Amino acid sequence: MFNQRLSLWLSQIPAAMAWNKKPQQVSIYLSQIATAEVAQHRNHLLSLLDQEETSRLHQYQHLGDQQRFLGGRALSKLLAAQLFQLPCSQIHQIRIIRDQLGKPSLQLNRTNYHLSLSHNEHQILVALSRQALAPHCKLGVDIEVVQAFPELEHLCATVCTPAERQDILSHPDPDSRFIAYWSLKEALLKALGMGYRLDPLQFSLSLRQDKPLLISAPEGIPLNGWQFHLHTCASGQSTQQLAIAFHSPHRSQLQIQQLPATTLLERYLNETR
């Protein structure tokens, strides 16, 4: 009788009360490559593309767009080969697929892994999940050059809410503050898989104590469960702002690691010589 009552009581505990469970460990790996390095190794990297990707590459009219597409696809596959200990001779098993809205994911052995890509004029960034995450988890990244904006107030009005604009324009370094908001919103929109189909002004972020929080969003988009990370790094003669947006309805702990593209390239070139 006691066991029956205990089972009944346990069955009535809401799932939301399972707060004491250990958080899910989620490993996100980043790698970035300069477009100049892509140009240097172009012929070798072209062999990493499948037929459909090669066709897409040649649809780009400008060489810079070709380099960014090639760099993103090649680096994604090199990063996956490293994470999953796949010989470079078997990289052709890795596929990059897109959903109906164009959001990419990486597929290996019929398992999908979250993938996000971003680029600016000179740098390409790739983020890949080590675990096969459920579809309701979301991942997005962005990379921006930290620079001065002569028309900062006008730019703020196009992508930032009044509260965000006030925070930016009162900050000691308003240009860097703007880049932080901008890159976070780009990463968030990529995570949602909508890009600029959604208006950035519909999202409001807070950077109090440099801990990004999502304050408001369009109806149907959850406010809880988001984790945001900002990282600034020097690259050549410029400074890059990296932003990561990750969402899971379950408690999760992100572990973010970076793998140098140079290491991935060296491994590939050594194994294919």
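Computed from a prediction, not measured in an experiment: that's the story for all the values here.

Here is what the cut-offs are and how they apply
Residues numbered from 1 in each chain as written. Predicted model: local features only at pLDDT ≥ 70, side-chain atom pairs only at ≥ 80, totals over all residues. Heavy atoms only, no water. Pairing = 2+ DSSP bridges. Helix = DSSP H or I, 4+ residues; strand = E, 2+ residues; numbered from the N terminus. Axes fitted to C-alpha atoms, helices over the stretch in contact; angles between N-to-C directions. Contact = heavy atoms within 4.5 Å. 1 Å grid on protein atoms, 1.4 Å probe; cavity = no way out; pocket = protein on both sides within 12 Å on 5 of 7 lines; lining within 4 Å. Points joined across faces, edges and corners; volume = space filled by probe spheres on them. Nonpolar A, V, L, I, M, F, W, Y, C, P; charged D, E, K, R; others polar. Parallel < 35°, antiparallel > 145°, perpendicular 65-115°, else oblique. Left-handed = near helix turned anticlockwise from the far one by under 90°.

Describing the sheet that holds strand 6 (residues 138-145)
- Spatial strand order, 6-10-9: three strands in an open sheet with antiparallel pairing. Each end of this open sheet is capped by a strand with a single partner; those strands are strand 6 and strand 9 (226-235). The mean inter-strand angle of the sheet, taken between neighbouring strand axes irrespective of direction, is 15°.
- Examined bridge by bridge, strand 9 and strand 10 (residues 238-247) share ten bridges and lie antiparallel to one another. Across the sheet, Phe 228 pairs through a bridge with Ala 245, a residue of strand 10.
- Sitting on the sheet, helix 8 (residues 174-192) touches strand 6, strand 9 and strand 10, and the angle it makes with strand 6 is about 145°.

Overview of the layout of surface pockets
- Approximately 700 Å³ is the volume attributed to the largest pocket.
- Contributing to the lining of the largest pocket are 27 residues, with Gly 102, Pro 104, Leu 117, His 119 and Lys 190 lying nearest its centre.
- Of all the elements in the fold, those that place two or more residues in the lining of the largest pocket are helix 5 (63-83), strand 4 (111-119), strand 6 and helix 8.
- Looking at the lining of the largest pocket, its residues break down into ten nonpolar, seven polar and ten charged.
- The volume enclosed by the second largest pocket comes to roughly 330 Å³.
- Lining the second largest pocket are 19 residues, with Asp 99, Lys 103, Ser 105, His 114 and Pro 135 positioned closest to its centre.
- When contributions to the lining of the second largest pocket are tallied by element, the ones reaching two or more residues are strand 2 (95-98), strand 3 (104-108), strand 4 and helix 8.
- For the lining of the second largest pocket, the leading source of residues is strand 4, giving four residues.
- For the lining of the second largest pocket, the per-class residue count stands at eleven nonpolar, four polar and four charged.

Thoughts on the packing of helix 6 (residues 152-159) against helix 8
- Their axes nearest at 11 Å, the elements helix 6 and helix 8 cross at an angle of 25°. Taken together, the axes of helix 6 and helix 8 lie roughly parallel to each other. Crossing of helix 6 against helix 8: the hand is left-handed. Packed against helix 6, whose contacting residues are Leu 152, Leu 155, Cys 156 and Val 159, the element helix 8 presents Pro 174, Asp 175, Phe 178 and Lys 185 at the interface.
- When the residues that make up the contact of helix 6 with helix 8 are grouped by side-chain class, the tally is six nonpolar, no polar and two charged.

Description of the environment of Gln 100
- Here Gln 100 shows up in the loop between strand 2 and strand 3.
- Spatially, the C-alpha atom of Gln 100 lies 9.6 Å from that of Gly 193, the residues being 93 residues apart in sequence.

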